[in-house]
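What follows is the residue order along each chain.
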Amino acid sequence: MEWETLEDLTGHVANAIGAQPYRWFDYVVPEDLQHSTISRLRKDYPAKLAYLDTAPGGGSDQVILCLGGIVNSARRFDFLAADMRATHRVIAVDWPGRGRSGWLAQQTHYTNGILAHAVESLIEGLGLTHISLLGSSLGGKIGMDIAAHRPALVGRLILNDIGPEIPARRRVRRAETIGSYHVCARPVDLFRCGEAAQRHTGPIGDAVCLHNIMGQTKPCQAGGGREYRHDPRASQAYAEQERRNLPQWDVFKALECQTLLLHGDESDALLPETVRRMQDIAGLRMTVVHVPETGHSPALADADSSSVIGAWLSGHALPRESTLPCRAAPVRLLFTDGPPTPQVATEPRQKVTALSVPAPQPATVFLQF
């Protein structure tokens, strides 16, 4: 298969789900957050933040701001946005130095404080005064920080397989992976890289895998192929930070908003004991939904995930702890991962099999060959 064929297929998927074009927002990196820069060299400077918006002119009081993981692009949320756009305005962000966003001046500027400032600048620039915030992995960590010190802004918080603490073993392994530079010389290399990166995000099909991995990569100018669409210094900064990552339990305790925790049952980043401690701290303020046969972190590209998120955001009562139904893994032609994984044993938790509100219509995409 040629690269041009993959680009055509990606375009068909994007058209089928109504993917929005990128927009850019100008913000300022303030000198008072440039802690690792020598004082005399610190100065404010402009940067660009790329984002997607399903209702750029407003039109909905229900806003979901989506923040992805360190290697994700905003395109990861296109399927969720397609399912939710009838009831919510969905905004998704590319982190500084990632995707279509501009690069920062120094590697040491890729800190959670500056990333959070960029997001808050966008919120203020769009005139948003009350939002629901959805964060996957890194997005959840920064989302907790924003929600903790801006309680009037964040009414509801969705944590996608992330908590106040990540096991050290997971962090070190992730830092080693993120710190590596990857170039996919051939489409088959991209399939292998994408399958490895998305192996534990649940039973998702080729359309989702292709859309996500193409959104995270770009044509490589040196020698052809595709490479990740990011500033390599951002990856190095993240790798260094992960090795000395500090728990956020004090931040989590400070949260006042209602919280939905989506937990991949096979996650090595959010362990069951961490979930239980979060439940003890949050009490009735937190709802937990386990996602079977899924690790870190759920792709949020299926109708079940969209339905439970939509119901919770609409204020409908969900069980304090429940599990989404097991779904058969779709047949993959491109991103193959070996024989089907046997279904996990049913947990003694309440199954969410039907919701009391109409579920959003799923964005169904078929690839034909």
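Cut-off values and rules
Residues numbered from 1 in each chain as written. Predicted model: local features only at pLDDT ≥ 70, side-chain atom pairs only at ≥ 80, totals over all residues. Heavy atoms only, no water. Helix = DSSP H or I, 4+ residues; strand = E, 2+ residues; numbered from the N terminus. Expected span 1.5 Å × (residues − 1). Buried < 20%, exposed > 50% of the residue type's maximum accessible area, 1.4 Å probe, protein only. Salt bridge = Lys/Arg side-chain N within 4 Å of Asp/Glu carboxyl O. Axes fitted to C-alpha atoms, helices over the stretch in contact; angles between N-to-C directions. Parallel < 35°, antiparallel > 145°, perpendicular 65-115°, else oblique. Contact = heavy atoms within 4.5 Å. Pairing = 2+ DSSP bridges.

1. Things to note about helix α8 (residues 232–243)
Look at α8: 17 Å from first C-alpha to last across 12 residues, which is about the 16 Å you get at 1.5 Å a residue. Among the residues of α8, A234, S235, A237, Y238, A239 and E242 are the ones counted as buried.

2. So, the pattern of salt bridges
In the structure shown here, the tally under the stated rule is 11 salt bridges. Its salt-bridge partner being R89, residue D53 comes within 2.6 Å of it at the nearest N-O pair. Residue D53 is located in strand β2 (residues 45–53), and its partner R89 is located in strand β4 (residues 89–93); the two are separated by 36 residues in the primary sequence. Just as D53 is buried, R89 falls in that class too. With its nearest N and O atoms 2.8 Å apart, the salt bridge here joins R327 to D304. With R327 in the loop between β12 (321–323) and β13 (350–351) and D304 in helix α11 (residues 303–313), the pair connects residues that are 23 residues apart, well separated along the chain.

3. A short note on the packing of helix α1 (residues 3–17) against helix α7 (residues 206–216)
With their axes 10 Å apart at the nearest point, α1 and α7 run at an angle of 105° to one another. When the interaxial angle is binned, α1 and α7 end up roughly perpendicular. In this structure, α1 uses L6, E7, L9, T10, V13, A14 and I17 to contact α7, whose residues at the interface are A207, L210, H211 and M214.

4. Digging into the sheet that holds strand β7 (residues 183–184)
Overall, antiparallel pairing links the 3 strands, which are arranged β7-β9-β8 in an open sheet. If you trace the sheet from one side to the other, it starts and ends with β7 and β8 (217–219), each paired once. Two elements, β8 and strand β9 (residues 226–228), share 3 bridges in a ladder whose sense is antiparallel. What sits directly across from P219, in β9, is R226.

The analysis is restricted to geometry; functional conclusions fall outside its scope.
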